[in-house]
Amino acid sequence: LNAIGERYKRKPGGRLNIQARFSKNILNVAICDNGKKLTKQNILDLWNDPPGIGLYLAKEYAESSGGGIALLPTNSRGFKTTVIKIPIQQHTNL
């Protein structure tokens, strides 16, 4: 949720697209927006020196759950994407 909130705050009036899919016990969330352009170098800089604690916490949570988070550079339509993958264990009722 932090990743969604940060994207919304930084892009008032822009487009924000959120997709969630559950497949093979993995929750896949893609957050796309048409905000500031993100290059491969920007992505490296963000991982090495994040501007705030939110990205760091999202990464730590995803990885501690056995998943991950990836930032994808701006595509030809002007959208950049954050992809979060979190394994979900199914519980059975006894």
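From a predicted model like this one, the values you see are computed outputs, not experimental measurements.

## Some points on the packing of aromatic side chains
Piece 1. If you walk through the whole model with that rule in mind, you get zero aromatic pairs.
Piece 2. Over the aromatic face of Trp47 sits the side chain of Lys59, whose NZ or CZ is 5.7 Å from the ring centroid.

## A look at the pairing of strand β3 (residues 68–72)
Piece 1. Burial along β3 is one-sided: Ile69 and Leu71 are buried, while Gly68, Ala70 and Leu72, pointing the other way, are not.
Piece 2. Note that β3 and strand β4 (residues 80–87) share five bridges and pair antiparallel. Among the inter-strand pairings, Leu71 is bridged to a residue of β4, identified as Thr82.

## Some points on the confidence of the model for the protein chain
Piece 1. Taken residue by residue, the protein chain gives an average pLDDT of 80. The fraction at 70 or more is 80%.
Piece 2. When the elements of the protein chain are averaged for pLDDT, helix α1 (residues 2–10) gives the smallest value, 59, and β3 the largest, 90.

## Remarks on the environment of Ala62
Piece 1. In this fold, Ala62 is placed in helix α3 (residues 53–64).
Piece 2. Spatially, the C-alpha atoms of Ala62 and Lys85 are 6.8 Å apart, while their sequence positions differ by 23 residues.
Piece 3. Each residue touching Ala62, except ones within four places of it in the same chain, is listed here: Gly67, Gly68, Ile69, Ile84 and Lys85.

## What about the environment of Asn25?
Piece 1. Considering the arrangement of structural elements, one finds Asn25 in the loop between β1 (16–23) and β2 (26–33).
Piece 2. Residue Asn25 is classed as partly exposed on the basis of its relative accessible area of 34%.
Piece 3. In this structure the C-alpha to C-alpha distance between Asn25 and Gln89, which are 64 residues apart in sequence, comes to 6.4 Å.

Analysis parameters
- Residues numbered from 1 in each chain as written.
- Predicted model: local features only at pLDDT ≥ 70, side-chain atom pairs only at ≥ 80, totals over all residues.
- Heavy atoms only, no water.
- Phe/Tyr/Trp six-rings, centres within 6.5 Å; stacked < 30°, edge-to-face > 60°.
- Lys NZ or Arg CZ within 6 Å of the ring centre and 35° of its normal.
- Buried < 20%, exposed > 50% of the residue type's maximum accessible area, 1.4 Å probe, protein only.
- Helix = DSSP H or I, 4+ residues; strand = E, 2+ residues; numbered from the N terminus.
- Pairing = 2+ DSSP bridges.
- pLDDT = per-residue confidence, 0-100.
- Contact = heavy atoms within 4.5 Å.

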